Amino acid sequence: MHGERVTAPAATAPPRAALLTVDDDPGVSRAVARDLRRHYGETHRIVRAESGEQALDALREMKLRGEQVAVLLADFRMPRMSGIEFLEQAMDLYPAAKRVLLTAYADTDAAIDAINVVDLDYYLLKPWDPPEEKLYPVVDSLLEVWNSADHRPVPETKVVGHRWSARSAEVREFLARNQVPYRWFGVDQPEGQALLAAAGADDHTLPVVITTDGDPLVAPSDGELAGRVGLTTTPSKDFYDLVVIGGGPAGLGAAVYGASEGLRTVLLERTATGGQAGQSSRIENYLGFPDGVSGAQLTERARRQAVRFGAELITTRDVVGLEASGSARTVRLADGATIDAHTVILAMGVSYRQLVAPGVDELTGRGVFYGSALTEAANCANQDVYIVGGANSAGQAAVYLARGARSVTLLVRAPSLESSMSYYLIQQIAAVPNISVRSCTEVVGAAGDEHLEQLILRDNTTGQTETVNAQFLFVFIGAAPRTDWLDGVVLRDARGFVVAGPDLAAGAEQPRGWSLERAPYHLETSLPGVFAAGDVRFQSAKRVASAVGDGAMAVMLVHRYLDRE
Ligand SMILES: Cc1cc2nc3c(=O)[nH]c(=O)nc-3n(C[C@H](O)[C@H](O)[C@H](O)COP(=O)(O)OP(=O)(O)OC[C@H]3O[C@@H](n4cnc5c(N)ncnc54)[C@H](O)[C@@H]3O)c2cc1C
């Protein structure tokens, strides 16, 4: 391709829409570009190509970069790909661009036919001299029409996928949780198809993520995505004062206090920072936010605060092992990499418990979601939504989703919400007309081909079952720690919660396996120098405030440990 290079627009200047001209005769091609540049060069980008294939490549690149094309001028007689064939294919990429065919007098019949084939806006007879009379008035009027519509470019990351694909849902969730703005395109929408065509992908390899630089990532992993959207995935050092495992409120709290108090601190997070709190639509009981705050906002501020103090925040890295090597504590990542530190804070929180019923696993991500109410909310507009669970998290989701959904039904196993949900939420739910509560009810089955279509509900007082139509089911049935990888390393209770501090001794003088003369510090685990904070800790309060408090206290104890050992 010749002429102006197709580059990403500068971040500040609004990108100029392009006028693209294609002619296989280099002399003619240069002449058209020159005339266009003379008149429109200030306000538009002039892109020149010498074959249909070259021109399509340029258009694909521009499409991926989110750039606009206002007018396409194509020579009719080109070998391999005629101007009409080119315009036909270009329509898939830029359907709104105005289309002009350049023809010799002898070809006017063909040009007139093309009006139907490619919805031609104009045909120009060659030569068009003087351009002031024959070329500019035509292009001016086409630009006037084009400008009258809204063609603002989309600078965000774009995601093209199937609406009912589990991986597409995960990718969207991942981007949302990492605060990466994106725009979603269903593969069944024309724009989704145009983006796929531009990326050279097909609908068997979805989702396709197009970065703001215009690079297409076909079915990317979380790690790949993280790297491309500007998240840090690799620690910069081999040795730290403190490794924090888990990026929820407890881990972020520990990272803020650790880094602000001069400890070389790295936080390792499996997916995205924020933890469970990051998925809460509205936290109303966190100190200092009288009007409530969304979990995403709260944890995003905490993330920025930790980074500002110099903590390294590493995402998409799963910790799978921990061992003591002399006074160092070695943390092993899923890919085999290791990081050494003087101390470790375990802040892995808890993960959603799975709903066990036939059909549920198969439909997860395709109508059945665990806690990801926020990302899916837009899709729930005017739908009948079901939520399983009777705790605050389920209540919050019900209130949030009821804003757009036709109806929200809360399915609760217990006879009422009183024993499991805060009073203020029960009051809120009662005040929302499209939320209903079905007590003594369990989900015993889910069915659907491509996505969830039906739920089978059982009344646990009568044992009767009922099948209801449902497109969405959100599951909030409690959570459990995933700490198997700590087996034999630190003491855990039967459910996997990490035992710490006074709970370790459980009445005995010294905890089992404890080698030091001093007693363990308050949040210290059975391995000296390793602390537990937040929901993962045995007997913790399961609140954002207490998790943050644990994180802060654990750092204070880290200092005490470092001063004494
Ligand atoms: C929907 C919802 C609403 C809630 N609303 C409220 C509320 O209004 N008020 C309130 O006080 N509390 C609320 N809670 C509870 C609150 O969010 C939790 O108590 C709090 O998030 C616990 O923080 P944490 O840091 O201990 O753990 P988590 O928030 O669970 O974070 C743990 C993090 O560790 C990561 N992780 C786990 N294992 C590994 C590993 N091996 N390697 C690397 N990373 C790992 C996880 O990916 C996760 O990001 C709510 C919870 C939910 C789910």
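As the structure is a computational prediction, the values presented were derived from the model and not from experiment.

A. Structural context of the pattern of salt bridges. The tally for this structure, following the rule as stated, stands at 28 salt bridges. Taking the shortest distance from any N to any O, the salt bridge between Arg65 and Glu61 comes out at 3.3 Å. Assessed through its relative accessible area of 36%, Glu61 is described here as partly exposed. Notably, a salt bridge pairs Lys63 with Glu191, separated by 3.0 Å at the nearest N-O pair. Placement of Lys63 in helix 2 (residues 52–64) and of Glu191 in helix 8 (residues 190–199) is noted, with a sequence separation of 128 residues between them. Among the charged side chains, a salt-bridge network with shared partners connects Arg34, Asp35, Arg38 and Glu132.

B. Fine view of the nonpolar core. Counting residues in each nonpolar core, the largest one holds 40 residues, and the members touching the most others are Leu20, Leu59, Met62, Leu72 and Phe86. Elements represented by at least two residues in this core include exactly strand 2 (18–22), strand 3 (45–49), helix 2, strand 4 (69–75), helix 3 (83–93), helix 4 (108–117), helix 8 and strand 9 (208–210). Per-element accounting of this core gives the leading share, six residues, to helix 2. Sequence-distant contacts of Leu59, defined by excluding residues within four places in its chain, comprise Leu20, Val69, Leu72, Phe86, Ala90, Leu93 and Tyr94. The next biggest cluster of nonpolar side chains, apart from the first, holds 27 residues, and it includes Ala169, Cys380, Val399 and Phe476.

C. Summary view of the site of the ligand. Close contacts around the ligand come from 34 residues, with Glu269, Gln276, Asn285, Gln396 and Asp535 the closest. Arg270 is positioned such that a nitrogen or oxygen atom in its backbone is 3.0 Å from a nitrogen atom of the ligand. Taking Asp318, its side chain carries an N or O atom lying 3.3 Å from a nitrogen atom of the ligand. Burial of the ligand by the protein amounts to 94% of the accessible area it has alone, namely 1000 Å². Of all the elements in the fold, those that place two or more residues in the shell around the ligand are helix 10 (249–260), helix 13 (392–401) and helix 16 (544–564). Here the shell around the ligand is built from residues that sort into 15 nonpolar, twelve polar and seven charged.

D. The packing of helix 1 (residues 26–40) against helix 6 (residues 136–147), seen in detail. Orientation of helix 1 relative to helix 6, taken along the N-to-C sense of each, is 60 degrees, at an axis distance of 11 Å. Between helix 1 and helix 6, the angle falls in the class oblique. Of the two possible hands of crossing, helix 1 and helix 6 adopt the one that is right-handed. Between helix 1 and helix 6, the contacting residues are Asp35, Leu36, Arg38, His39 and Tyr40 on the first element and Tyr136, Val139, Asp140 and Leu143 on the second. Among the residues forming the contact of helix 1 with helix 6, the class breakdown is five nonpolar, one polar and three charged.

E. Quick look at the pairing of strand 4. Counting buried positions over the seven residues of strand 4 gives seven, a clear majority of the element. Examined bridge by bridge, strand 2 and strand 4 share five bridges and lie parallel to one another. Directly across from Thr21, in strand 4, lies its bridge partner Leu73. In this region the chain leaves strand 4, passes through helix 3 and returns to the parallel neighbour strand 5 (residues 98–103); the handedness of that crossover is right-handed.

F. Spotlight on the packing of helix 13 against helix 14 (residues 423–431). The geometry of helix 13 relative to helix 14 is characterised by a closest axis approach of 10 Å and an angle of 30 degrees between their N-to-C directions. What the angle tells us is that helix 13 and helix 14 run roughly parallel. Crossing of helix 13 over helix 14 shows left-handed handedness. Within the contact between the two elements, helix 13 uses Asn392, Gly395, Gln396 and Val399 and helix 14 uses Tyr424, Leu425, Gln428 and Ile429.

G. Expanded view of the sheet that holds strand 7 (residues 157–161). Sheet architecture is open: four strands sit in the order 8-7-9-10, paired in mixed fashion. Of all strands in the sheet, those with a lone pairing partner are strand 8 (182–186) and strand 10 (216–218), marking the two edges. Here the strands of the sheet are splayed against their neighbours by 20 degrees on average, with no regard to which way each runs. Bridge count between strand 7 and strand 9: three bridges; the pairing is antiparallel. By the bridge assignment, Lys158 is partnered in strand 9 with Ile210.

H. Molecular detail of unusual backbone geometry. Cis geometry marks the peptide bond from Lys126 to Pro127, where omega comes out at -10 degrees. Here Pro127 shows up in the loop between strand 6 (122–125) and helix 5 (131–134). Following Leu206, the chain continues into Pro207 via a peptide bond in cis, with omega recorded as 0 degrees. Within the secondary structure, Pro207 sits in the loop between helix 8 and strand 9. Even without a glycine there, the phi angle at Arg80 is positive, about 70 degrees. Tracing the chain through its elements places Arg80 in the loop between strand 4 and helix 3. Arg80 gets classed as exposed once you look at its relative accessible area, which sits at 68%. Of note, Thr316 is a non-glycine position whose phi angle comes to about 60 degrees, a positive value. In this structure, Thr316 sits in the loop between strand 13 (312–314) and strand 14 (319–325).

How each quantity is defined
- Residues numbered from 1 in each chain as written.
- Predicted model: local features only at pLDDT ≥ 70, side-chain atom pairs only at ≥ 80, totals over all residues.
- Heavy atoms only, no water.
- Salt bridge = Lys/Arg side-chain N within 4 Å of Asp/Glu carboxyl O.
- Buried < 20%, exposed > 50% of the residue type's maximum accessible area, 1.4 Å probe, protein only.
- Helix = DSSP H or I, 4+ residues; strand = E, 2+ residues; numbered from the N terminus.
- Core = buried A, V, L, I, M, F, W, Y, C linked by side-chain atoms within 4.5 Å.
- Contact = heavy atoms within 4.5 Å.
- Near = heavy atom within 4 Å.
- Polar contact = N/O pair within 3.5 Å; in protein donor to acceptor, adjacent residues only side chain to side chain.
- Areas by Shrake-Rupley, 256 points an atom, 1.4 Å probe, with all protein chains shown as cover.
- Nonpolar A, V, L, I, M, F, W, Y, C, P; charged D, E, K, R; others polar.
- Axes fitted to C-alpha atoms, helices over the stretch in contact; angles between N-to-C directions.
- Parallel < 35°, antiparallel > 145°, perpendicular 65-115°, else oblique.
- Left-handed = near helix turned anticlockwise from the far one by under 90°.
- Pairing = 2+ DSSP bridges.
- Right-handed = clockwise from strand over helix to strand, strands pointing away.

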